[in-house]
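# Inside the fold
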Amino acid sequence: MYNNDGILIKGNKDGINTTINMNKFACFEDMLLLLVKKLSKGKHFYKGTTLILSIDLKSINKKQAETLKQTLLTEIQLKDIVLEDIEKEVDKEIQKEPKVFSGVNEGRTKFIRKTVRGGQCIKYQGNIVIIGDINSGAEVYASGNVIVLGRIRGKVSAGTNGNSKAVIAAFLLQPEILKIASVIAMSPDDVEKPSYPELAKIKDGAIIVEPYLPNKYIY
């Protein structure tokens, strides 16, 4: 499913998957400008990763394909770019009933009783619990889990030591970017956000988001 702007960006264990609908753009240059702008939001997270770009290869010529690769390699500092024909893309998403998360493992935990504001960066070798919000432009890194008793609107990375079992949870999950271990996900644009707590975790090599309802019901 595309975003309204014609570009959909998702992360998985292999790198960054980006799907482009050229029908949304008047020309190649318009698409490239928007793509660079969207990827630049997570430039720090994407550095050194592989970008898998799904696009209708009949809609661009060889020169444009080379320009696309070189521009992204330079601007975003990616490790590699792989172009795939969008017609070969297979939708593997399966609709399932959301599972209930039962809790997080205990360990060293840092409690932060304030809002993390834009421009601030917090790093900790353990779990981080924030009693407040993570504002847009703020960055939080934890080798364990990140639990926010408020809203996430910035960039959050859990399991920074490679722990793929780490989770990110918040009362309102509206991040710019999420990263768990080496898997990255971006919050889709123009999508209505739920009003209940959510939890992000890795499943089948990708970050999924599900309701956080430990033995509770929403009335």
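As the structure is a computational prediction, the values presented were derived from the model and not from experiment. (Residues numbered from 1 in each chain as written. Predicted model: local features only at pLDDT ≥ 70, side-chain atom pairs only at ≥ 80, totals over all residues. Heavy atoms only, no water.)

Take the overall build of the chain next. Along the backbone of the chain there are three helices and 15 strands. Taken over 219 residues, the chain has a buried fraction of 44%. As presented, the chain carries roughly 12700 Å² of accessible surface, and 49% of it is formed by carbon and sulfur atoms. (Helix = DSSP H or I, 4+ residues; strand = E, 2+ residues; numbered from the N terminus. Buried < 20%, exposed > 50% of the residue type's maximum accessible area, 1.4 Å probe, protein only. Areas by Shrake-Rupley, 256 points an atom, 1.4 Å probe, with all protein chains shown as cover.)

As a further point, take the sheet that holds strand β12 (residues 177-180). With respect to topology, five strands assemble into an open sheet ordered β6-β8-β10-β12-β13, the strand pairing being mixed. Strands with a single pairing partner mark the edges of an open sheet, and in this sheet they are β6 (121-124) and β13 (183-186). Averaged over all adjacent pairs, the angle separating strand axes in this sheet is 10°, with direction ignored. As defined by bridge partners, β12 adjoins β13 across four bridges and the pair is classed as antiparallel. Within β13, the residue paired with Ile-180 across the bridge is Val-183. (Pairing = 2+ DSSP bridges. Axes fitted to C-alpha atoms, helices over the stretch in contact; angles between N-to-C directions.)

Considering the arrangement of structural elements, one finds Ile-7 in strand β1 (residues 7-12). Sequence spacing of Ile-7 and Ile-55 is 48 residues, and the spatial spacing of their C-alpha atoms is 9.9 Å. When near neighbours in sequence (up to four residues on either side) are disregarded, Ile-7 contacts Thr-18, Thr-19, Ile-20, Phe-25, Met-31, Leu-34, Leu-35 and Lys-38. (Contact = heavy atoms within 4.5 Å.)

Next up on the list: the side chain of Thr-18. Assignment of secondary structure puts Thr-18 in strand β2 (residues 15-20). The exposure class of Thr-18 is buried, given its relative accessible area of 0%. Not counting residues within four places of it along the chain, the set of residues in contact with Thr-18 comprises Ile-7, Leu-8, Ile-9, Leu-35, Leu-39, Leu-51, Ile-52, Leu-53 and Ser-54.

Judged by nonpolar contacts, the single largest core of 28 residues is most densely connected at Ile-20, Met-31, Leu-35, Leu-39, Tyr-46, Leu-68 and Leu-72. A per-element tally of this core places helix α1 (residues 28-40) first, with six residues. Both domain 1 (7-94) and domain 2 (109-211) contribute no fewer than three residues apiece to this core. Ile-122, Tyr-124, Ala-158 and Ala-170 belong to the second largest nonpolar core, which has 25 residues in total. (Core = buried A, V, L, I, M, F, W, Y, C linked by side-chain atoms within 4.5 Å. Domains from an automatic or database assignment.)

Glancing now at the pattern of salt bridges. In the structure shown here, the tally under the stated rule is three salt bridges. Between Glu-176 and Lys-155 there is a salt bridge, and its shortest N-O distance comes to 3.0 Å. You can see Glu-176 sitting in the loop between β11 (168-173) and β12 and its partner Lys-155 sitting in strand β10 (residues 155-158), a full 21 residues away along the chain. (Salt bridge = Lys/Arg side-chain N within 4 Å of Asp/Glu carboxyl O.)

It is worth spelling out the packing of aromatic side chains at this point. Applying the stated rule across the entire model yields zero aromatic pairs. The ring of Tyr-141 has Lys-123 sitting right over it, with the charged end atom 5.4 Å from the ring centre. (Phe/Tyr/Trp six-rings, centres within 6.5 Å; stacked < 30°, edge-to-face > 60°. Lys NZ or Arg CZ within 6 Å of the ring centre and 35° of its normal.)

In this section: the packing of α1 against helix α3 (residues 62-75). It is at 11 Å that the axes of α1 and α3 come closest, and there the two elements cross at 20°. When the axes of α1 and α3 are compared, the pair comes out roughly parallel. Relative to α3, α1 is oriented so that their crossing is right-handed. Contact with α1, carried on its side by Phe-28, Met-31, Leu-32, Leu-35, Val-36 and Leu-39, involves Gln-64, Thr-67, Leu-68, Thr-71, Leu-72 and Glu-75 of α3 and no other residues of that element. (Parallel < 35°, antiparallel > 145°, perpendicular 65-115°, else oblique. Left-handed = near helix turned anticlockwise from the far one by under 90°.)

Taken together, the side chains of Phe-111, Ile-131, Leu-149 and Phe-171 make up a nonpolar region of the molecular surface, amounting to roughly 370 Å² of accessible area. As for its position among the elements, Ile-131 is in the loop between β7 (127-130) and β8 (139-142). You can call Ile-131 partly exposed: its relative accessible area is 39%. (Patch = residues over 30% accessible without salt bridge, like charges linked within 9 Å, V, L, I, M, F, W, Y side chains within 5 Å.)

Glancing now at the pairing of strand β9 (residues 146-152). The pairing of β7 with β9 spans three bridges and is classified as parallel. If you follow Val-129 over to β9, its bridge partner there is Ile-147. Strand direction decides the pairing type here: β9 and β11, joined by five bridges, are parallel. Note on β11: the bridge partner recorded for Val-148 is Ala-170.

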